[in-house]
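Examination of the molecular architecture
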Amino acid sequence: MPTLRQLRLYWKPVVFLAASLPLLRLAAGTIGLAGVRLGANPVETIQDSTGLWALRLLLATLCMTPLRQISGKAWPLQFRRMLGLFAFSYAALHFANYLLLDRALDFVEITGDLTRRPYIIVGATALLSLAALAATSTAGWRRRLGQRWLALHRLVYPAGLLVCWHFWWQVKKDVTEPLVYCLVLLALLGWRAWWARRARRAAALPAAGAA
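The structure displayed is predicted, hence computed values, not measured ones. (Residues numbered from 1 in each chain as written. Predicted model: local features only at pLDDT ≥ 70, side-chain atom pairs only at ≥ 80, totals over all residues. Heavy atoms only, no water.)

What follows concerns the overall build of the protein. Scanning the protein from N- to C-terminus turns up nine helices and zero strands. Sequence-ordered secondary structure for the protein, helices as α and strands as β, is α-α-α-α-α-α-α-α-α. With the principal axes as the frame, the protein shows a C-alpha extent of 70 × 45 × 35 Å. Counting all 211 residues of the protein, 34% fall into the buried class. Considering only intrachain contacts with a sequence separation of at least 6, the fraction spanning at least 24 residues in the protein is 61%. On the protein, roughly 12900 Å² of surface is accessible, and the fraction owed to carbon and sulfur atoms is 67%. Positive and negative side-chain charges of the protein, numbering 25 and 8 respectively, have mean locations separated by a distance of 25 Å. (Helix = DSSP H or I, 4+ residues; strand = E, 2+ residues; numbered from the N terminus. Buried < 20%, exposed > 50% of the residue type's maximum accessible area, 1.4 Å probe, protein only. Contact = heavy atoms within 4.5 Å. Areas by Shrake-Rupley, 256 points an atom, 1.4 Å probe, with all protein chains shown as cover. Lys, Arg positive; Asp, Glu negative; His and termini not counted. Charge placed at Lys NZ, Arg CZ, Asp CG, Glu CD.)

Shown next as structure tokens:
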């Protein structure tokens, strides 16, 4: 098991760099650096890439608690906040790209999109949930909110469902890719439900024995 010092000095920078690579690639592609190209439609490429990585990193965030429970080690939780903040950052860039580059802040067109493409409302709702989680992710907010912090941060589960729904709804033909992400999310939520039930049963055994 890595020590806390090793996590801070080595593993956290590695995870930070790995989570940054998709964004660095997009940045390189916008200026044609190192031969990276964004294809015939760079705006669409940025939109798709930032959205996919927001979903992937959100699922990676949700993997940290099951990994800790399976391994019996606390170190996976050291990466949970970082991955969650990256997921929010990619989601925010995904939405900003839509507003600024795709629609050029044309609010008439954006308003029309909300009626023609309701999956945008679903995605915006997910983004607001992730924004609340990111804003209150610090230790200071955790102390201030106390038990309410835990209740608030359960928003990550409906946020995950909304992001998967957003992805599924906008795909017009082949839903294989969004289906894979939905199945991963359902597996993670199913694990949490099973673990919570297991914990309740374990807590009930001493009480039953005392009775």
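Positioned with a positive phi, Ala104 is a non-glycine residue whose angle comes to about 50 degrees. Tracing the chain through its elements places Ala104 in the loop between helix H3 (80-102) and helix H4 (107-116). One non-glycine residue, Leu105, lies in positive phi territory at about 55 degrees. Turning to its location among the elements, Leu105 is positioned in the loop between H3 and H4. Overall, Leu105 belongs to the partly exposed group, its relative accessible area being 42%.

This part is about the packing of helix H2 (residues 42-71) against H3. Close contact between H2 and H3 brings their axes to 8 Å; oriented N to C, the two are set at 160 degrees. Our classification of the angle between H2 and H3 gives roughly antiparallel. Where H2 crosses over H3, the two elements pack in a sense that is left-handed. The residue inventory of the contact of H2 with H3, partitioned by class, reads 16 nonpolar, eight polar and two charged. (Axes fitted to C-alpha atoms, helices over the stretch in contact; angles between N-to-C directions. Parallel < 35°, antiparallel > 145°, perpendicular 65-115°, else oblique. Left-handed = near helix turned anticlockwise from the far one by under 90°. Nonpolar A, V, L, I, M, F, W, Y, C, P; charged D, E, K, R; others polar.)

Take the environment of Leu188 next. Among the secondary structure elements, Leu188 is positioned in helix H9 (residues 176-210). Put simply, Leu188 and Ser129 are 59 residues apart on the chain and 19 Å apart in space, counted from C-alpha to C-alpha. When near neighbours in sequence (up to four residues on either side) are disregarded, Leu188 contacts Leu59, Leu62, Cys63 and Pro66.

With that out of the way, let us pick up the side chain of Thr50. Turning to its location among the elements, Thr50 is positioned in helix H2. The residues touching Thr50, leaving out its near neighbours within four places in the chain, are Leu26, Tyr90, Leu93 and His94.

So, on to a nonpolar patch on the surface. Taken together, Leu161, Trp168, Leu179, Leu183 and Leu186 make up a surface patch of nonpolar side chains, about 460 Å² in accessible area. For the nonpolar patch, the elements supplying multiple residues, two or more each, are helix H8 (156-170) and H9. Of the residues forming the nonpolar patch, the biggest block, three residues, is contributed by H9. Assignment of secondary structure puts Leu186 in helix H9. (Patch = residues over 30% accessible without salt bridge, like charges linked within 9 Å, V, L, I, M, F, W, Y side chains within 5 Å. Salt bridge = Lys/Arg side-chain N within 4 Å of Asp/Glu carboxyl O.)

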